[in-house]
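Single-letter residue listing:
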Amino acid sequence: MIVTLTMNPAVDRTVIVDSFALGQTNRVLDVHTAAGGKGVNVSRALMQWNVPSTATGFLAGLEGEFIAKALQSGKIEPRFVWLAGKGKTRTNTKIYDSASRLTTELNEPGPEITRKDEAALWRLLEGLLPQAKLIVCSGSLPRGISTSFYCELTQRCNRLGVLVCLDTSGPPLAEGVKAGPYFLKPNKEELENLFGKKLENELQIVGAIKQLAKYGIQLIVVSCGEDGAVYYKKGEPLFWGKAVASPVNSTTGCGDALVAAVVLALTKGMGWEDTVRWAAAAATGTAELAGTDFPELKHIESIIPRVDLRRIDADW
């Protein structure tokens, strides 16, 4: 069983405008609303590729009900802790400017979590983890949760033999890497913040990956936006992989699609080079779709021939 954990889920509302202008009236061309939050997105992408998962985390209010119903209708099992009478699950608004092809995100903070709420989640996880092969821990931590949460969860999963994918940022990322998750997916900016310096070139990114690998992390993917991503797996060649989206319709969810693609590859026992090509194509296919939709298998397969794969020579 694959479990996705979204501690701070959201209703993702994407509005598309022709040319976004600050301080002026902007006419909306189209609106896309979907269940969101990084772990939820991973579940949605996996289901698009016929891979079932169980989604967990915290939900509240009408927005939480929307997410739960959307997951159920997509044949994803929702196993969330409900925050009764404690506000609402957040709504994240994404403004996509079709002229510049840039996305501006307005992300709400979400509800505050009490110790009682957190204890309820730990009880839920204790029931799910023994059945899980892999858990995807994605996104920010809500208010009230310690920055060491992902670190503690990873330690518990390591003892149980459950593979952990960690995709977060800031202090939760800094704490989480110490526990040695199996798969880590920072983007370049998150990696720079983690190390407290700019990573100006490929050599410096590879150097940062080397430092992270010392924690026992087996698989690391550093996403670099339109420049592609660097793919590391212990005992395998280091690759830089990318494909050009044609056209770019939304960059929201590309990182989540990449995570989901690697998870799918792990469950299928896919070879490393094929995994890299598949993940690059999945992220690119997501950029070619509007809103927070994820590409079908045929769409991804059509992109694979476009993937530019380059081996990086590195002394490990």
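Refer to the structure presented above.
Now for a look at the structure at hand. These figures come from a predicted structure and were not determined experimentally. (Residues numbered from 1 in each chain as written. Predicted model: local features only at pLDDT ≥ 70, side-chain atom pairs only at ≥ 80, totals over all residues. Heavy atoms only, no water.)

**Re the pairing of strand β2 (residues 10–17)**
Phase 1 of the analysis: Within β2, seven of the eight residues are buried, which leaves the element mostly enclosed by the surrounding structure.
Phase 2 of the analysis: Across eight bridges, the pairing between β2 and strand β3 (residues 28–36) is antiparallel. Following the sheet pairing, Val11 is matched in β3 by Ala35.
Phase 3 of the analysis: Looking at chain direction, β2 and strand β6 (residues 90–97) are connected through eight bridges and run parallel. Of the residues in β6, the one forming a bridge with Thr14 is Lys94. (Buried < 20%, exposed > 50% of the residue type's maximum accessible area, 1.4 Å probe, protein only. Helix = DSSP H or I, 4+ residues; strand = E, 2+ residues; numbered from the N terminus. Pairing = 2+ DSSP bridges.)

**Examining the sheet that holds strand β10 (residues 183–184)**
Phase 1 of the analysis: Taken together, ten strands build an open sheet; the order of strands is β5-β4-β1-β8-β9-β10-β11-β12-β13-β14 and the sheet is mixed. The open sheet has two free edges, formed respectively by β5 (77–82) and β14 (308–312), since each of these has just one partner strand.
Phase 2 of the analysis: As paired strands, strand β1 (residues 2–6) and strand β4 (residues 54–59) are joined by four bridges and run parallel to one another. Bridged to Leu5 within β4 is Thr56.
Phase 3 of the analysis: Those strands touched by helix α2 (residues 61–73) are β4 and β5, and its axis lies near 160° from that of β5. (Contact = heavy atoms within 4.5 Å. Axes fitted to C-alpha atoms, helices over the stretch in contact; angles between N-to-C directions.)

**Some details on the nonpolar core**
Phase 1 of the analysis: Leu5, Met7, Leu121, Ile135, Phe149 and Leu153 are the most contacted members of the largest nonpolar core, which totals 47 residues.
Phase 2 of the analysis: Here Ile135 is in contact with Val3, Leu5, Leu125, Leu129, Leu153, Cys157, Val162, Leu163, Val164 and Cys165, once residues within four sequence places are set aside.
Phase 3 of the analysis: Counting 38 residues, the second largest nonpolar core, distinct from the first, contains Val221, Ala260, Leu264 and Trp278. (Core = buried A, V, L, I, M, F, W, Y, C linked by side-chain atoms within 4.5 Å.)

**As for the packing of aromatic side chains**
Phase 1 of the analysis: Scanning all chains against the criterion turns up three aromatic pairs.
Phase 2 of the analysis: Between the aromatic rings of Trp49 and Trp278, the centroid separation amounts to 5.9 Å while the plane-to-plane angle is 75°, which identifies the pairing as edge-to-face. Placement of the pair is Trp49 in the loop between α1 (38–48) and β4 and Trp278 in helix α9 (residues 272–287), with a sequence separation of 229 residues. With respect to burial, Trp49 and Trp278 carry one shared label: buried.
Phase 3 of the analysis: Here Phe149 and Tyr150 contribute two aromatic rings whose centre-to-centre distance is 6.0 Å and whose plane-to-plane angle is 70°, an arrangement assigned as edge-to-face.
Phase 4 of the analysis: Connected via pairs of aromatic rings, a cluster forms that spans Trp122, Phe149 and Tyr150.
Phase 5 of the analysis: Its guanidinium or amino end placed over the ring of Trp122, Arg156 lies 3.9 Å from that ring's centre, counting from NZ or CZ. (Phe/Tyr/Trp six-rings, centres within 6.5 Å; stacked < 30°, edge-to-face > 60°. Lys NZ or Arg CZ within 6 Å of the ring centre and 35° of its normal.)

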